[in-house]
Structures are given as structure tokens and as C-alpha cells.
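Okay, here's what each chain looks like letter by letter:
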2 protein chains.
Amino acid sequence: MNITEFVANSIGRWRSQRSVHHLAFGHFEAVQSEIDIIALLDDDPAVIDLCKTYNIDPQTVVSPFRMSWEGQSDWDENEIKGSCVLVPIPDPTHPHRGKLLRDQGYAETIAAAGDYYLTEDSTFVLVTTYDRAAAEEKIWFVNPNVRCRVSLIKTSAGTGVVTASFSSEIRQNIHK
Amino acid sequence: MNITEFVANSIGRWRSQRSVHHLAFGHFEAVQSEIDIIALLDDDPAVIDLCKTYNIDPQTVVSPFRMSWEGQSDWDENEIKGSCVLVPIPDPTHPHRGKLLRDQGYAETIAAAGDYYLTEDSTFVLVTTYDRAAAEEKIWFVNPNVRCRVSLIKTSAGTGVVTASFSSEIRQNIHK
């Protein structure tokens, strides 16, 4: 699977159950949300802007998309809501690797560029280094309508794991 | 990583946080447990017995081990407690693949033989087919003291996912 196929398979509306394990406290957090993933045009202004931020040629963009989420955690009463633009930039010399630009990260709400690769068994792996943390994410499809996602937030040194979270995502509106 | 290294890295006592997503109901179950993984001798009677059950030459066994667990779920008030013997039988022609015999499965409490492989990024993948269900498990190390495990229970046809669960496992007694 290449990044184009991976993004194409991800487009749609998903119902997500997410469990966050706060490892130091042994605490479980449960989050229920809806996630919308929509394709963007290569020349969408948000895509062009993000390329400028990272000084990357917009011609190298492949399958940009927008992800929006809206949900509820059992830990924090505030509604969880957000949206970000994601722009894959494949490595021209390694077709299964590349950079993923985001206009907003998970661990910190600033723009972030992560390094991705796709494994031989079609798992998308993303590693993002922030100032004070590092995030490692694995996403794979169990079938076309079920996606799993494991996210680890580590200390910036990369050794300690602070939180480990797991999402199971079920495609909605399958028969529309 | 081969199966011998994978088992060697797994030996020890682990504190496990496990979240089970019951997908049809959107229900979250939280399980906290302690897991002990101990190495067995190749000629342990439990290992020999299991080989006999599956009509497999005990000479082909590699790194057999016993896994015991004891924990508590927030859904079911009964204590969760159990133990099983696991016996890897590598495929002589594909060193990263093989069979894993168990004297007791997860999805059904009968003996089970699953097919495993190790991916190039050191994830252990196990697929087990039962009479009325199929289980797919991925286990990988984030660092020597943190292990992640994702288990999916599917309908026997293999298409529907019934439960998706995630365990984060932290090694205990690191400095003993």
C-alpha cells in the first residue's frame, strides 16, 4: 500500500472509540468521537500555506486531506473538537517513506512535520518530534470499514512513554 | 527480531492496562492486571503434552513459556485469573513464521494453534482461528520495558470485528 491508497481508504466519516492509558497513574480515559476525513485539492490555499511554512515545493504534495473531530471524554467535561490539514510529501527516493506536514499537532497545538513510512503489512507509522515530546503513531486497516490507531506520547528523549492510546474506528454511512 | 529474541524480551513480570472496545455497543471495559511470563524447558511435561496433542515433534520446539495473569475488570466483578503454556514451532523454511501452540486460548478456553509471523519492524502478529471466532493479535516493544498489544476478536468468517482491545504493559521489578 502506498500513501495515495492509504489516504483514499481513510476518506469518510468514522465513529471512534479511543482509550487513553495514562501510564504513570494507571488511569484509563475513554473518548468517543466522530472523525471526518475529506480529500483536499493539491492547490487548496491551506495546503499551499503549509508548504510555504516548511519551505516545501507544493508540486511534491500527494493526497492532502483535512481531518476534523468532535467528541467527548469521560475525564474532561469539555467537548473535544478540532480540525487539521495534513499534507503528505513522499520521499522521491523511497516511495514508502516521506514527511507528513500538519498545521496543528496532537501533542502541542502548533504546526508539525513528522516522518512516516508504510510497512510491508500496510501499517502507516508516523514519528513526530516536538520541543518537549515525541509522538509515535501506527494506523492500519482491519478491513475497509475498521481502522485501528495506536498513539504513544513519549518524553522528548524518546525513552519514557507518558501516554499510550488506542482508537478503534468504524466507518459510518457505509451504504449512502 | 526472531521468535527466540521476542520471547526472551517478554520474560518477566508486567503491569498491564487493558482497554476492551465492544464495538457493537460502543462500550469501554477497563482491565488492570499483572502478567508473569516465565521460560519453560523444552522438555517440560506441559510442553511435551501439547506437542502430542498437535502431533508435533517436540524437537522442533523453540523457547516455550508460561503466561499467567491476575486482574480486575470494571465490567465483570469476578477476578480475572488464568495461565497458559505457549509453544512456538518455527517454520523451517521461513524463519520469521511459524505456529504457536497454546493449551488454552483467549476467545475459547480450549487448546489452540495459531499462525505467527514477525514483521520487518519487529511486530509479532498472531492469527488464530477458532470454531466460532478468529483472533488477530499484534505485540511490539516500544522500549525494553514497555510492550503494546492489540487484540481483535472477529466473527469466524473473519469480516466483522466484535471486540478490539489494547494493552499497554510496563515491566515491573526492573532493578531487582
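Higher on the page you've got the structure.
Residues numbered from 1 in each chain as written. Chains lettered and ligands numbered in written order. Predicted model: local features only at pLDDT ≥ 70, side-chain atom pairs only at ≥ 80, totals over all residues. Heavy atoms only, no water.

**Quick look at the overall build of chain A**
Next, step 1: When helices and strands are tallied, chain A shows two helices and ten strands.
Next, step 2: Sequence-ordered secondary structure for chain A, helices as α and strands as β, is α-β-β-α-β-β-β-β-β-β-β-β.
Next, step 3: For 176 residues, the compact-globule estimate of 2.2 N^0.38 gives 16 Å, and chain A sits close to it at 16 Å.
Next, step 4: Considering only C-alpha atoms, chain A reaches an extent of 45 × 45 × 35 Å along its principal axes.
Next, step 5: A separation threshold of at least 6 residues defines the contact pool for chain A, and within that pool the share at least 24 residues apart is 44%. (Helix = DSSP H or I, 4+ residues; strand = E, 2+ residues; numbered from the N terminus. Rg over C-alpha atoms; globule rule 2.2 N^0.38 Å. Contact = heavy atoms within 4.5 Å.)

**Let's talk about the sheet that holds strand 4 (residues 79-91) of chain A**
Residue and element names in this part refer to chain A.
Next, step 1: Strand order in the closed barrel formed by ten strands is 1-2-3-4-5-6-7-8-9-10, with antiparallel pairing between adjacent strands. Strand-to-strand twist in this sheet, taken as the mean axis angle between neighbours without regard to direction, amounts to 25°.
Next, step 2: The pairing of strand 8 (residues 133-143) with strand 9 (residues 146-155) spans ten bridges and is classified as antiparallel. Looking at strand 9, one finds that Phe-141 is bridged to Arg-147.
Next, step 3: Relative to strand 8, helix 1 (residues 3-10) is tilted by about 75°, and along the sheet it contacts strand 1 (12-22), strand 2 (27-39), strand 3 (65-73), strand 4, strand 6 (112-118), strand 7 (124-129), strand 8, strand 9 and strand 10 (161-171).
Next, step 4: Helix 2 (residues 45-53) contacts strand 3, strand 4 and strand 5 (94-102) of the sheet and is inclined by roughly 65° relative to strand 4. (Pairing = 2+ DSSP bridges. Axes fitted to C-alpha atoms, helices over the stretch in contact; angles between N-to-C directions.)

**Looking at the interface of chain A and chain B**
Where interface size is quoted, it is often the accessible area lost as the parts come together.
Next, step 1: With 35 residues of chain A in contact, the opposing surface of chain B contributes 35 residues.
Next, step 2: Here chain A meets chain B over a buried area of about 2700 Å², counting both sides, of which 61% is carbon and sulfur.
Next, step 3: For the chain A face of the interface with chain B, the top three residues by lost area are Gln-17, Phe-28 and Phe-166 of chain A, together amounting to 22%.
Next, step 4: At the boundary of chain A and chain B, one finds two salt bridges.
Next, step 5: Asp-121 of chain B is the partner of Lys-138 of chain A in a salt bridge, and the nearest nitrogen-oxygen pair spans 3.7 Å.
Next, step 6: Here chain A is connected to chain B by 16 residue pairs in polar contact (both at pLDDT 80 or more).
Next, step 7: Broken down by secondary-structure element, the contributors of at least two residues to the side of chain A that touches chain B are strand 1, strand 2, strand 8, strand 9 and strand 10 of chain A.
Next, step 8: Residues of the side of chain A that touches chain B, tallied by class, amount to 16 nonpolar, 13 polar and six charged. (Buried area = accessible area lost by both parts, 1.4 Å probe. Salt bridge = Lys/Arg side-chain N within 4 Å of Asp/Glu carboxyl O. Polar contact = N/O pair within 3.5 Å; in protein donor to acceptor, adjacent residues only side chain to side chain. Nonpolar A, V, L, I, M, F, W, Y, C, P; charged D, E, K, R; others polar.)

**Quick look at the relation of the copies chain A and chain B**
Next, step 1: The two copies are related by a screw operation: chain A maps onto chain B through 180° of rotation and 0.0 Å of translation along the axis, at an RMSD of 0.0 Å. In short, the pair behaves as if placed about a two-fold rotation axis.
Next, step 2: Taken as a fraction of all interface residues of chain A, those also at the interface in chain B reach 100%, which identifies the copy contact as same-surface. (Least-squares fit on C-alpha atoms with pLDDT ≥ 70 in both.)

**Re the sheet that holds strand 6 (residues 112-118) of chain B**
All names here are of chain B.
Next, step 1: One closed barrel accounts for ten strands, arranged 1-2-3-4-5-6-7-8-9-10; its pairing is antiparallel. On average, each strand axis in the sheet is tilted by 25° relative to the strand beside it, whichever way the strands run.
Next, step 2: Across nine bridges, strand 2 (residues 27-39) lies against strand 3 (residues 65-73) in antiparallel orientation. Bridged to Gln-32 within strand 3 is Gln-72.
Next, step 3: Contacting strand 3, strand 4 (79-91) and strand 5 (94-102), helix 2 (residues 45-53) runs over the sheet at an angle of about 65° to strand 4.

**Some thoughts on the nonpolar core**
Soluble, globular proteins show a tendency: their nonpolar side chains are buried together.
Next, step 1: In this structure, Val-150 of chain A together with Val-150 of chain B are the most contacted members of the largest nonpolar core, which totals 22 residues.
Next, step 2: For this core, the secondary-structure elements that each account for two or more residues are strand 8, strand 9 and strand 10 of chain A together with strand 8 (133-143), strand 9 (146-155) and strand 10 (161-171) of chain B.
Next, step 3: Beyond its immediate chain neighbours, meaning those up to four positions away, Val-150 of chain B contacts Trp-140, Val-150 and Phe-166 of chain A together with Glu-136, Glu-137, Lys-138, Trp-140, Ser-165 and Phe-166 of chain B. (Core = buried A, V, L, I, M, F, W, Y, C linked by side-chain atoms within 4.5 Å. Buried < 20%, exposed > 50% of the residue type's maximum accessible area, 1.4 Å probe, protein only.)

**Considerations on helix 1 of chain A**
Note on helix geometry: an α-helix contains 3.6 residues per turn, so any two residues three or four positions apart are oriented the same way.
All names here are of chain A.
Next, step 1: Inspection of helix 1 places Ile-3, Phe-6, Val-7 and Ser-10 among the buried residues, and these make up the whole buried set. For helix 1, the arc enclosing every buried residue in end-on projection is 95°, short of the 170-degree limit, so these residues lie on one face.
Next, step 2: One side-chain oxygen at the N-terminal end of helix 1 lies 3.1 Å from the backbone nitrogen of Thr-4; it belongs to Asn-2.
Next, step 3: Trailing helix 1 by a residue or two, Gly-12 shows a phi angle of about 140°, which is positive. (Arc of directions from axis to C-beta.)

**What about the side chain of Arg-171 of chain B?**
Residue and element names in this part refer to chain B.
Next, step 1: Locating Arg-171 in the fold gives a position in strand 10.
Next, step 2: Only 2.6 Å separates the side chain of Arg-171 from the backbone oxygen of Asn-9, close enough to count as a polar contact.
Next, step 3: One polar contact links the side chain of Arg-171 to the main-chain carbonyl oxygen of Ile-11, over a distance of 2.8 Å.

**Regarding the pairing of strand 9 of chain B**
Regular strands place their side chains on alternate faces of the sheet.
Next, step 1: Among the ten residues that make up strand 9 of chain B, eight are buried, leaving the element largely enclosed by the rest of the structure.
Next, step 2: Linking strand 8 of chain B to strand 9 of chain B, which pair antiparallel, is a turn of two residues.

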